[in-house]
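Tertiary structure, described
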Amino acid sequence: MAALNDLVRPDRYPRSSRYDPAWLLDLGMGPNPLWLLEDLAQNLDLRSGMRILDLGSGKGATSVFLAREYGAEVVAADLWIAPEDATAVFAEAGVGDQVEAVRAEAHALPFEAESFDAIVSVDAFEYFGTADSYLPYLLRFVRPGGQLGMATPAMTREVRELGAIPPHIKKVVGWEAIAWHTAEWWRFQWEITELVEVTSARLQQDAWRDWLLWARAGAEHQPDGRNANQPVIDMLTADAGEFISFALVTARKV
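These lines cover the structure that appears in this document, whether it is placed above or below. On a predicted model such as this, the values are computed, not experimentally measured, just so you know. (Residues numbered from 1 in each chain as written. Predicted model: local features only at pLDDT ≥ 70, side-chain atom pairs only at ≥ 80, totals over all residues. Heavy atoms only, no water.)

Side note on the environment of Leu4
As a reminder, the rule being used: The helix and strand labels rest on DSSP assignments: H or I over at least four residues marks a helix, E over at least two residues marks a strand, and numbering proceeds from the N terminus. Here's how the labels work: a residue is buried when its accessible area is under 20% of the maximum for its type, exposed when over 50%, partly exposed in between, all with a 1.4 Å probe on protein chains only. In what follows, residue pairs with any heavy atoms lying within 4.5 Å of each other are defined as contacts.
In this structure, Leu4 sits in helix H1 (residues 2-5). Exposure remark for Leu4: the relative accessible area of 4% places this residue in the buried category. Linking Leu4 and Ala22, residues 18 residues apart in sequence, is a C-alpha distance of 7.2 Å. Beyond its immediate sequence surroundings of up to four residues, Leu4 is in contact with Pro21, Ala22, Leu25, Ala217, Glu220 and His221.

Overview of the pairing of strand E2 (residues 73-78)
We apply this condition: At least two bridges found by DSSP between two strands is the condition for calling them paired. For a crossover, the right-handed case is the one in which the path from the first strand over the helix to the second runs clockwise, viewed with the strands pointing away from the viewer.
For E2, a buried count of five out of six residues is recorded, marking the element as mostly surrounded by other parts of the structure. Both strand E1 (residues 51-55) and E2 contribute to a ladder of five bridges, which runs parallel. The residue of E2 that forms the bridge with Ile52 is Val74. Following the chain from E1 across helix H4 (residues 61-70) to the adjacent parallel E2, one finds a crossover that is right-handed. Pairing analysis gives five bridges linking E2 to strand E3 (residues 99-103), with the strands arranged parallel. Each residue of the ladder has a partner; that of Ala77, found in E3, is Val102. Each parallel crossover has a hand, and for E2 linked through helix H5 (residues 83-92) to E3 it is right-handed.

Structural notes on unusual backbone geometry
In the Ramachandran plot, Glu114 falls in the positive-phi region, its phi being about 50° despite a non-glycine side chain. Here Glu114 is to be found in the loop between E3 and strand E4 (116-122).

A closer look at the environment of Arg9
Tracing the sequence through the fold places Arg9 in the loop between H1 and helix H2 (21-27). Remark: the alpha-carbon pair of Arg9 and Leu212, spanning 203 residues in sequence, is separated by 14 Å.

A short note on empty space enclosed by the protein
Heads up, the rule is: A pocket here means an open set of points on a 1 Å grid, computed over the protein atoms alone, that has protein on both sides within 12 Å along at least five of seven lines. A cavity is instead a set of points where a 1.4 Å probe fits but cannot get out; residues with an atom within 4 Å of a point line either one. Grid points are joined across faces, edges and corners, and a volume is the space filled by probe spheres set on the points. Gly is placed with the polar residues, together with every amino acid not listed as nonpolar (Ala, Val, Leu, Ile, Met, Phe, Trp, Tyr, Cys and Pro) or charged (Asp, Glu, Lys and Arg).
Enumeration over the complete set of coordinates arrives at three cavities of 30 Å³ or more. In this model, the largest cavity occupies a volume close to 60 Å³. In terms of lining, the largest cavity is formed by Leu7, Ser16, Ser17, Pro21, Leu24, Asn32, Pro33, Leu34, Trp35 and Trp214. The greatest single-element share of the lining of the largest cavity, amounting to three residues, is contributed by helix H3 (residues 33-41). Here the residues of the lining of the largest cavity sort into seven nonpolar, three polar and no charged. The volume enclosed by the second largest cavity comes to roughly 40 Å³. Taken together, Ser57, Gly58, Ala76, Asp78, Ile81, Pro83, Ala86, Ala101 and Val102 make up the lining of the second largest cavity. For the lining of the second largest cavity, the secondary-structure elements that each account for two or more residues are E2, H5 and E3.

Here we look at helix H11 (residues 207-221)
The α-helix winds at 3.6 residues per turn, so residues separated by three or four positions along the chain end up facing the same way. Here is the rule we go by: Here, expected helix span is obtained from the residue count minus one, scaled by 1.5 Å.
For H11, with 15 residues, the first-to-last C-alpha span of 21 Å sits near the 21 Å given by 1.5 Å per residue. The buried fraction of H11 is high, at eleven of 15 residues. Residues of H11 that are buried in the fold lie against H1, H2, H3, helix H12 (225-239) and strand E7 (244-253).

Observations regarding the sheet that holds strand E6 (residues 196-203)
Sheets are built from strands paired through backbone hydrogen bonds, the pairs being either parallel or antiparallel. Selection rule: Lines fitted to C-alpha atoms define the axes here, with helix axes fitted over just the stretch in contact, and angles between the N-to-C directions of these axes take values from 0 to 180 degrees.
With respect to topology, seven strands assemble into an open sheet ordered E3-E2-E1-E4-E5-E7-E6, the strand pairing being mixed. Both outer strands of the open sheet, E3 and E6, are each paired with one neighbouring strand and no more. Sheet twist, expressed as the mean angle between neighbouring strand axes with direction ignored, is 15°. For E1 and E4, the ladder comprises three bridges, and the chain directions are parallel. Bridge pairing in E4 places Ile52 opposite Ala118. Set on the sheet, H5 makes contact with E2 and E3; between it and E3 the angle comes to about 165°.

Some words on the layout of surface pockets
If you add up the space inside the largest pocket, you get close to 1100 Å³. Considering the residues around the largest pocket, the lining is formed by 50 residues, among which Met29, Gly30, Asp123, Glu126 and Tyr127 are closest to the centre. For the lining of the largest pocket, the elements supplying multiple residues, two or more each, are H2, H3, H4, E2, helix H6 (125-128), helix H9 (167-173), H11 and H12. Split into classes, the residues belonging to the lining of the largest pocket amount to 31 nonpolar, 13 polar and six charged.

Here's the deal with the pairing of strand E5 (residues 142-155)
Extensive coverage of E5 is indicated by the burial of eleven of its 14 residues. Taken together, the six bridges between E4 and E5 define a ladder with parallel strand orientation. Paired with Ala118 across the two strands is Gln147, which belongs to E5.

Here it is in structure tokens:
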């Protein structure tokens, strides 16, 4: 249980440490989603009663967090998780009256224009948000002055600059690492539209170490966890923070 206990870190992530790490691992579809969200939220102004779209919400941990910690009314949108499964998670967590689960594809969102105070996306934006046209599309659903926040796997240097995906990364994630852009790439990508004011674009401190703690806990806790997590553990150990990070980016719609 030592690795599982390492996921409780009240000194760095006080809000996230209130949540059972086994529960988080069971809902996980990527590394430490609540750590990422808690860190990201430092650059957002999230308040009770806000209507927030959790885009790429997975099995629902981040939506539970937004509802509990900030008193938000949350729409949890994901393509791969059945709404009835997510709804059960929300009910069990005591936020069923605050969170609505919706199956949605990120390029065909079934929402009214300007219907959200904020859109948040944790460990999902890399799959659908890198196209030049995506931010203008997404902003249709945000009220004037509303906020955007996303956390996404990142590189410390652009793959284009490196000339190739580093072998230890390519071995595990393949071509997907092409979408692991730097925080400054995201800043430019958003600012050039002149549709938002970027309020923060940064790499998460020691992101690779956080991910490694998560992978080690998964190896210990989950069925067949060693086989599933060992390649990631090897990748992160070999990298030691040279290239792998997470980008945390926030903005306001102008």
